[in-house]
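A look at the structure
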Amino acid sequence: MTGLTSTIIPVLAVLLGALVSVWRRPGEAVVAGVQHLAAGVVFAAAAAEILPQVLHGGSPAATLIGGAIGVAVMLGLKAAGSRMTGPVAMLGAVGIDILVDGLVLGLAFVAGEKAGRLLTIALTVEVLFLGLTVTEALQDRIRSKVAIIGATLGIGLLLPVGALIATPVAALSPAMITAFLSFGLMALLYLVTEELLVEAHEKPDTPLISAMFFVGFLGLLLIEELS
């Protein structure tokens, strides 16, 4: 239940991002900076907490199988999303991302409360960005601000659904838990390398914007060491 209740924080971040975007659209530099910051935070959480749990799981076969399934699922979702167009398709793709984020957050709490707390911080930054971008995209198609905020919040509520799906994993064998954690690790690495950074580099870049990745990475490492 700890993982489920922790999703309240990132859900509120989605709502905050929607409200900010409706009130005043952020510029490309701000969006790119937030993307780099989110990528650094998520990468640090994956490296500092999830990766050690996988390495210490003592089951290479489980690591390989879970990781391979994770890569296949994320690439499959990317292929499916590339064939869809329109606002409904965009909302569907983002909704799946949020659902996977919730699943990975739930798996992080299976690994340990500390891992779950750090990933909560990481995903809060990431979904804040999603709240900004989804709302911005919907403003070109929907005039009602209330409807835009409602749609964005509805997507954010998929986070606790994903965390709930991960809850039974804690009762499985250590090898199965390792496989699920390996799956979650691949999902996080895909999020950083194939989504956040790729989208960030499509916008004008500056050394300050690029530095935000390392600000996020080092910031989460400091939080991990001090906690």
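**As for a nonpolar patch on the surface**
- Taken together, L64, I65, I69 and V73 make up a surface patch of nonpolar side chains, about 370 Å² in accessible area.
- On the basis of relative accessible area, L64 is assigned to the exposed category, the value being 61%.

**With respect to the confidence of the model for the chain**
- Per-residue pLDDT for the chain averages 85, and the proportion of residues at 70 or more is 96%.
- By mean pLDDT, the top-scoring element of the chain is helix 10 (residues 207-226) (91), and the lowest-scoring one is helix 1 (residues 2-6) (73).

**A short note on the packing of aromatic side chains**
- Using the criterion set out here, one finds 3 aromatic pairs in the structure.
- These aromatic residues form a ring-pair network of at least three members: F43, F213, F214 and F217.

**A short note on helix 10**
- Taking 1.5 Å of rise per residue, 20 residues should cover 28 Å, and helix 10 covers 28 Å from first to last C-alpha, within 8% of that figure.
- Buried residues of helix 10: I209, F213, G216, L220 and E224, and no others.
- For helix 10, the secondary structure elements touched by its buried residues are helix 3 (28-55), helix 6 (113-139) and helix 9 (174-200).

**Looking at the nonpolar core**
- Core analysis: the biggest nonpolar cluster contains 57 residues, and I98, L119, V127 and L188 have the highest contact counts within it.
- Residue assignment for this core shows that the elements contributing at least two residues are helix 2 (8-23), helix 3, helix 5 (87-111), helix 6, helix 7 (145-156), helix 8 (158-166), helix 9 and helix 10.
- Setting aside its immediate chain neighbours within four residues, L119 contacts A45, V104, L105, A108 and L188.

**Points about the packing of helix 6 against helix 10**
- In the contact formed by helix 6 and helix 10, the axes pass within 11 Å of each other and the chain directions differ by 150 degrees. Here helix 6 is positioned roughly antiparallel relative to helix 10, judged by the angle of their axes. Relative to helix 10, helix 6 is oriented so that their crossing is right-handed. Touching K114, L118 and I121 of helix 6 are L220, I223 and E224, all from helix 10.

**Things to note about the packing of helix 7 against helix 8**
- Interhelical geometry of helix 7 versus helix 8 gives an angle of 10 degrees and a closest axis separation of 4 Å. The orientation of helix 7 relative to helix 8 falls into the category roughly parallel. Contacts from G154, I155 and G156 of helix 7 reach helix 8 at L158, L159 and P160.
- Here the residues of the contact of helix 7 with helix 8 sort into 4 nonpolar, 2 polar and no charged.

**Quick look at the side chain of D101**
- Residue placement: D101 occurs in helix 5.
- If near-sequence neighbours (up to four positions away) are discounted, D101 is found in contact with L123, E126, V127, L159 and L191.

**Looking at the side chain of T124**
- With respect to the helices, strands and loops of the structure, T124 is situated in helix 6.
- For T124, the residues in contact, after removing those within four places along its chain, are I9, P10 and A13.

Rules of the game
Residues numbered from 1 in each chain as written. Predicted model: local features only at pLDDT ≥ 70, side-chain atom pairs only at ≥ 80, totals over all residues. Heavy atoms only, no water. Patch = residues over 30% accessible without salt bridge, like charges linked within 9 Å, V, L, I, M, F, W, Y side chains within 5 Å. Areas by Shrake-Rupley, 256 points an atom, 1.4 Å probe, with all protein chains shown as cover. Salt bridge = Lys/Arg side-chain N within 4 Å of Asp/Glu carboxyl O. Buried < 20%, exposed > 50% of the residue type's maximum accessible area, 1.4 Å probe, protein only. pLDDT = per-residue confidence, 0-100. Helix = DSSP H or I, 4+ residues; strand = E, 2+ residues; numbered from the N terminus. Phe/Tyr/Trp six-rings, centres within 6.5 Å; stacked < 30°, edge-to-face > 60°. Expected span 1.5 Å × (residues − 1). Contact = heavy atoms within 4.5 Å. Core = buried A, V, L, I, M, F, W, Y, C linked by side-chain atoms within 4.5 Å. Axes fitted to C-alpha atoms, helices over the stretch in contact; angles between N-to-C directions. Parallel < 35°, antiparallel > 145°, perpendicular 65-115°, else oblique. Left-handed = near helix turned anticlockwise from the far one by under 90°. Nonpolar A, V, L, I, M, F, W, Y, C, P; charged D, E, K, R; others polar.

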